[in-house]
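A closer look at the structure
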Amino acid sequence: MSLNFLLIDDDEIERLKFARVLQKNNYPHNIIEARNGEEALDKLAQKEQLPDLIFLDLNMPKMNGLEFLRELKSNADLRYIPVIILSTSNNLQDLKEAYKTGAAGYIVKPLKYEDYVYKIKCLIEYWSINEIFKV
């Protein structure tokens, strides 16, 4: 089954790294990219291709990840889309706030590429077998 992912991260290298993991593992999933929360909300407002799953960085300009998550979860049409936090922050307060606001998962981006690949593969495989609510 092919899923649509919205990857929200201001770091182009992180977006390329995520796409590379999907490509190298022959995952058939589609990636929609946004550089910050505002851009992501604009893409979601178009409703052309709503994502099945959102991967969200926390530290971004304009609108950070937690601000985006609050906006998303306050929208009756979009609140059911699962959001996985992919962040370099291992701050306990960020973790607590993300879950309190409605995140479905929180992954700290590891420094080693092999560890990153492993974590992303586990995430993709888990969500590929999950029942996902289509809006």
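As a reminder, the structure under discussion sits directly above these lines.
Residue positions are counted from 1 within each chain, in the order its sequence is given. Predicted model: local features are reported for residues with pLDDT of at least 70 only, side-chain atom pairs are reported and counted for 80 or more only, and whole-chain, interface and lining totals are derived from all residues. As a convention, hydrogens and water are excluded, and side-chain values are obtained from all of the structure's heavy atoms.

Some thoughts on the pattern of salt bridges
- In the sections that follow, a salt bridge refers to a side-chain nitrogen of Lys or Arg positioned within 4 Å of a carboxyl oxygen of Asp or Glu. Taken as a whole and judged by the stated rule, the model has eight salt bridges.
- With its nearest N and O atoms 3.7 Å apart, the salt bridge here joins E14 to K109. Of this pair, E14 sits in helix α1 (residues 12–24) while K109 sits in the loop between β5 (105–108) and α5 (113–129); the two residues are 95 residues apart in sequence, bridging distant segments of the chain.
- Classification of K109 as buried rests on a relative accessible area of 11%.
- Ionic pairing is found between E33 and R15, a salt bridge with its closest N-O pair at 3.3 Å. Of the two residues, E33 is situated in strand β2 (residues 30–34) and R15 in helix α1; the sequence distance between them amounts to 18 residues.
- A single salt-bridge network, built from bridges that share partners, covers D9, E14, K17, D57 and K109. The helix count covers DSSP runs of H or I at least four residues long, the strand count covers runs of E at least two residues long, and both are numbered beginning at the N terminus. For every residue, the accessible area (1.4 Å probe, protein chains only) is compared with the maximum for its type, and the residue is labelled buried under 20%, exposed over 50%, or partly exposed between those bounds.

What about the environment of Y80?
- As for its placement among the helices and strands, Y80 is situated in the loop between α3 (65–73) and β4 (83–87).
- Judged by its relative accessible area of 48%, Y80 is partly exposed.
- Measuring from C-alpha to C-alpha, the distance between Y80 and D9 comes to 21 Å, with 71 residues separating the pair along the chain.

A few points about a negative patch on the surface
- Patches here are clusters of residues that have more than 30% relative accessible area and form no salt bridge, with a 9 Å joining cutoff for like charges and a 5 Å cutoff for nonpolar side chains (Val, Leu, Ile, Met, Phe, Trp, Tyr). Residue burial considers only the protein chains on display, and all accessible areas are found by Shrake-Rupley using a 1.4 Å probe. Charged residues are defined narrowly, with Lys and Arg counted positive, Asp and Glu counted negative, and His plus the chain ends left uncounted. Charge positions are represented by NZ for Lys, CZ for Arg, CG for Asp and CD for Glu. Taken together, the side chains of E38, D42, E67 and E71 define an acidic patch exposed on the protein surface.
- For the negative patch, the secondary structure elements donating two or more residues are α2 (37–46) and α3.
- Looking at the secondary structure, you find E67 in helix α3.
- Looking at E67, the relative accessible area reads 36%, which means it is partly exposed.

Details of the nonpolar core
- Throughout, nonpolar core names a set of buried Ala, Val, Leu, Ile, Met, Phe, Trp, Tyr and Cys residues whose side chains join them through atoms within 4.5 Å. Within the largest apolar cluster, 22 residues are counted, with the highest numbers of intra-cluster contacts made by L6, I8, I54, L56, F68 and I85.
- Only β1 (4–8), β2, α2, β3 (53–56), α3 and β4 provide two or more residues apiece to this core.
- Top element by residues in this core is α3. It accounts for four residues.
- Only heavy atoms enter the contact rule, under which two residues are in contact if any of them lie within 4.5 Å. Once residues lying within four places of it in the same chain are set aside, the contact partners of L56 are I8, G65, F68, L69, V83, I84, I85 and L86.
- L3, L22, Y27 and F55 belong to the second-largest nonpolar core, a separate cluster that totals 18 residues.

Comments concerning α1
- What a helix is expected to span follows from its residue count: subtract one and scale by 1.5 Å. The end-to-end C-alpha separation of α1 is 18 Å, in line with the 18 Å expected for 13 residues at 1.5 Å each.
- Residues of α1 that are buried include every one of E14, R15, K17, F18, V21 and L22, and no others. Down the axis of α1, the smallest arc covering the buried residues is 160 degrees, so these residues share one side. Of the exposed residues in α1, those oriented more than 90 degrees away from the buried face are E12, I13, Q23 and K24.
- Looking at the buried positions of α1, the neighbouring elements they touch are β1, β2, β3, β4 and α5.
- Between the side-chain oxygen of the N-cap and the backbone nitrogen of I13 there are 2.9 Å, and the N-cap of α1 in question is D11.
- At the exit of α1 stands N26, carrying a positive phi of roughly 55 degrees. Picture the helix axis, draw a direction to every C-beta atom, and the arc is the one those directions span. Pairing of N or O atoms within 3.5 Å defines a polar contact, subject to two protein rules: one partner must be a possible hydrogen donor and the other a possible acceptor, and residues neighboring in sequence count only if both atoms are side-chain atoms.

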